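Each chain is listed here by its residues.
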Amino acid sequence: MNEAHSQNQTSPSDGRPASDSPADEPGPSRRSVLWTAGAAGAGLGLGGLTAGHAAAASPTRGPASAPGAAAPAAQGKTMIGVPFEPRGTVRVGIIGLGNRGGSMIDLFLAVPGVRVVALCDPVKEKTAVAAKKVTDAGQPAPAVYANGEEDFVHLCARGDIDFVYAATPWDRHFDMAATALRHGKHVGVECPLALRLDQLWELVDLSERTRRHCFQMENCCYGRNEMRVLRMAHAGLFGDLLHGAGAYNHDLRGLMFDPEYYEGPWRRLWHTRLRGDLYPNHGFGPVANYMDVNRGDRAVRIASFGTPALGLAAYRKEHMPPGDPSWKESYIESDRTISLVQTAKGRVIRLEHDVSTPHPYSRINSLGGTKGVFEDYPERIYLEPDQSNDEWGDFGKYAEWDHWLWKEHANPPGGHGGMDYMLVFRLMQCMRLGLVPDFDVYDAATWTAPVPLSDASIKAGGAPQEIPDFTRGHWKKARPGMDSERPAK
């Protein structure tokens, strides 16, 4: 996963109760405020979250005819269906070596045909640990960039890097992705892709102009259950699809107040800036794949509602000593946000976000159609004619529908039940073989758009907000996605 990625860097066999953090972000004493900066410092004031290209919502239009927020004129050709240029070895540069980046490097090193060329982190101790992993794996010593907050620019400028991976606090994702694209690199960043609609549009435009792919490193799309449901849905086992749900419900209170885990308050401070869904990607991405969003259907609008913000303040009162810096913070982020997304075909997707209250880990991960329904956490299924008498069926009996990746890698290494490895393996495979990637910048922008739009909707009393058509009309044509065929090579 991406955001609070894993509490202990390992997870149970199913990979579920893990957090997903892009990186441990040190406090101001160890890094400048650039990587721990607030929204205002990064130009991310609440009023600007939906600024830029997006037009005002128009909730009166019907689901099939709603054109979405107005798209800017294209600056280049679409990246839909554009394959990578094949190469024998994929040369990787990694920015951010905290919790997330520090563990993901192991997976890049585990995939054949991948070389880690360069590393970047302002904390030199972290680059030293990561560099040793590279040499211990039998690869040449990587170049190291640890001279301050902007040294990532020099990594991106190197001529011997094919792919840049960024695992840093959220407010730097846009800068790093844009810089990598401008230097001619394919780039993948942890969730969310960016924090404003105009930034999402700029990354779409940059990807199209530079002819380089820009990804959301959405590992949950590669979960075993998610990929099995995907194949079953596309084979018609659920009938005509009607509704789905995804979430990031994960009690992160202890981690957000732990200065060692996040190395500073950056993750918690977002709860002082936004009221909406801070982390929609893990839930939205898999359901969007089930429904072929951007591949024959489109997410048209979102309406969001939020509870009062009480959880973090209550936790602070019980656990934090007087004088702790957190006592200066005022939390406004809804403890639980619930959003409804409608698609052009009239389907409904429910998204939830809750990291501030006691709750077992759940991404919900459900899908329903005219022939039945799947629900996760715990996994259960009801399909006609297989089940009857209102009794759930055993999802394990549908293992024949596992994606070829899970049949080929039955016991993958790494955390989150192996989905992290599947993400890295498949992306690197596509780059080596010159294949079209499983998802693209249009998916990344769509899955991230609920961040600013849910905040705007909640502030507007739940008024629907239009989701931009980042594909500029290309969504109408069916095309392959996550449900890929095994390569012949």
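Nothing here was measured: the structure is a model prediction, and the numbers come from that model.

Rules used in this analysis
Residues numbered from 1 in each chain as written. Predicted model: local features only at pLDDT ≥ 70, side-chain atom pairs only at ≥ 80, totals over all residues. Heavy atoms only, no water. Axes fitted to C-alpha atoms, helices over the stretch in contact; angles between N-to-C directions. Helix = DSSP H or I, 4+ residues; strand = E, 2+ residues; numbered from the N terminus. Parallel < 35°, antiparallel > 145°, perpendicular 65-115°, else oblique. Left-handed = near helix turned anticlockwise from the far one by under 90°. Contact = heavy atoms within 4.5 Å. Nonpolar A, V, L, I, M, F, W, Y, C, P; charged D, E, K, R; others polar. 1 Å grid on protein atoms, 1.4 Å probe; cavity = no way out; pocket = protein on both sides within 12 Å on 5 of 7 lines; lining within 4 Å. Points joined across faces, edges and corners; volume = space filled by probe spheres on them. Pairing = 2+ DSSP bridges. Core = buried A, V, L, I, M, F, W, Y, C linked by side-chain atoms within 4.5 Å. Buried < 20%, exposed > 50% of the residue type's maximum accessible area, 1.4 Å probe, protein only. Domains from an automatic or database assignment. Polar contact = N/O pair within 3.5 Å; in protein donor to acceptor, adjacent residues only side chain to side chain. Phe/Tyr/Trp six-rings, centres within 6.5 Å; stacked < 30°, edge-to-face > 60°. Lys NZ or Arg CZ within 6 Å of the ring centre and 35° of its normal.

**As for the packing of helix α9 (residues 281-290) against helix α13 (residues 441-448)**
- Relative orientation of the contacting elements α9 and α13 amounts to 125 degrees, with a least axis distance of 9 Å. The pairing of α9 with α13 is recorded here as oblique in orientation. The element α9 and its partner α13 pack so that their crossing is right-handed. Contacts from Asn281, Phe284, Gly285, Ala288 and Asn289 in α9 reach Thr446, Trp447 and Thr448 in α13.
- The class makeup of the residues in the contact of α9 with α13 is three nonpolar, five polar and no charged.

**Digging into the layout of surface pockets**
- Roughly 220 Å³ of volume is contained in the second largest pocket.
- When the residues that make up the lining of the second largest pocket are grouped by side-chain class, the tally is five nonpolar, three polar and five charged.

**Overview of the sheet that holds strand β10 (residues 348-354)**
- If you walk across this open sheet you meet the eight strands as β13-β12-β11-β7-β10-β9-β8-β14, and the pairing is mixed. Either end of the sheet is taken by a strand with one partner, and the two such strands are β13 (380-383) and β14 (465-466).
- Sheet topology places strand β7 (residues 241-249) next to strand β11 (residues 366-369); four bridges connect them, and they run antiparallel. Among the inter-strand pairings, Leu241 is bridged to a residue of β11, identified as Gly369.
- Against the sheet, α9 touches β7, β8 (299-306), β9 (337-343), β10 and β11, its axis set at about 160 degrees to β7.

**Topic: the nonpolar core**
- By size, the foremost hydrophobic cluster in this structure holds 102 residues, and its most contacted members are Phe108, Phe163, Phe238 and Met428.
- The dominant element in this core, judged by the number of residues it contributes, is helix α12 (residues 419-433), at nine residues.
- When residues of this core are sorted by domain, at least three fall in each of domain 1 (90-216) and domain 2 (221-403 + 439-476).
- Judged by nonpolar contacts, the second largest core, of 23 residues, contains Tyr262, Trp270, Leu274 and Tyr361.

**Remarks on the environment of Glu333**
- Structurally, Glu333 can be placed in the loop between α10 (311-319) and β9.
- A C-alpha to C-alpha distance of 8.3 Å links Glu333 and Gly306, two positions 27 residues apart in sequence.
- Ignoring anything within four residues of it in the chain, the contact list for Glu333 reads His271, Leu274, Arg275, Gly276, Leu278, Ala309 and His353.
- A polar contact is formed between the side chain of Glu333 and the side chain of His353, at a distance of 3.4 Å.

**What about empty space enclosed by the protein?**
- In the structure shown here, the tally under the stated rule is two cavities of 30 Å³ or more.
- Its volume calculated, the largest cavity comes out at about 60 Å³.
- Lining the largest cavity we find Phe215, Met217, Tyr222, Leu423, Arg426, Leu427, Cys430, Pro437, Asp438 and Phe439.
- Broken down by element, the residue count for the lining of the largest cavity peaks at four residues, all from α12.
- Among the residues forming the lining of the largest cavity, the class breakdown is eight nonpolar, no polar and two charged.
- As for the second largest cavity, its lining consists of Leu230, His234, Asn289, Asp292, Arg295, Gly481, Met482 and Asp483.
- The residue makeup of the lining of the second largest cavity, split by class, is two nonpolar, three polar and three charged.

**As for the sheet that holds strand β3 (residues 143-145)**
- If you walk across this open sheet you meet the six strands as β3-β2-β1-β4-β5-β6, and the pairing is parallel. Two strands bound the open sheet, and with one partner strand each, they are β3 and β6 (214-216). Adjacent strand axes in the sheet meet at a mean angle of 25 degrees, parallel and antiparallel pairs treated alike.
- Across three bridges, the pairing between strand β2 (residues 114-120) and β3 is parallel. In the strand pairing of β3, Ala118 is matched with Ala143.
- Here α12 sits on the sheet in contact with β1 (90-95), β2, β4 (163-166), β5 (186-189) and β6, set at roughly 140 degrees to β1.

**Quick look at the pairing of β8**
- Burial within β8 is extensive, with six of its eight residues counted as buried.
- Here seven bridges tie β8 to β9, and the two strands are oriented antiparallel to one another. The residue of β9 that forms the bridge with Phe305 is Ile338.
- In this sheet, β14 lies alongside β8 in antiparallel orientation, the contact comprising two bridges. Residue pairing across strands places Arg301 opposite Glu466, the latter belonging to β14.

**Topic: the packing of aromatic side chains**
- Going through the model one piece at a time under the given rule, you end up with 18 aromatic pairs.
- Between the aromatic rings of Phe108 and Phe163, the centroid separation amounts to 6.4 Å while the plane-to-plane angle is 40 degrees, which identifies the pairing as tilted. Of this pair, Phe108 sits in helix α1 (residues 99-110) while Phe163 sits in strand β4, and the two are 55 residues apart along the sequence.
- Under the relative-accessibility criterion, Phe108 is labelled buried at 0%.
- On the basis of relative accessible area, Phe163 is assigned to the buried category, the value being 0%.
- Summarising the aromatic geometry, the rings of Phe374 and Phe395 are spaced 4.5 Å apart at their centres and angled 45 degrees between planes, so their arrangement reads as tilted. Separated by 21 residues along the polypeptide, Phe374 in strand β12 (residues 372-375) and Phe395 in the loop between β13 and α11 (404-408) bring together distant segments of the chain.
- Since its relative accessible area comes to 1%, Phe395 is described here as buried.
- One aromatic cluster is present, formed by Trp170, Tyr248, Tyr261, Tyr262, Trp266, Trp270, Tyr279, Tyr361 and Tyr377 through successive ring pairs.
- Sitting above the plane of the Trp270 ring, Arg273 keeps its charged end 4.8 Å from the centroid.
- When the ring centre of Trp327 is taken as origin, the NZ or CZ atom of Arg316, which lies over that ring, is 4.8 Å away.

The analysis is restricted to geometry; functional conclusions fall outside its scope.
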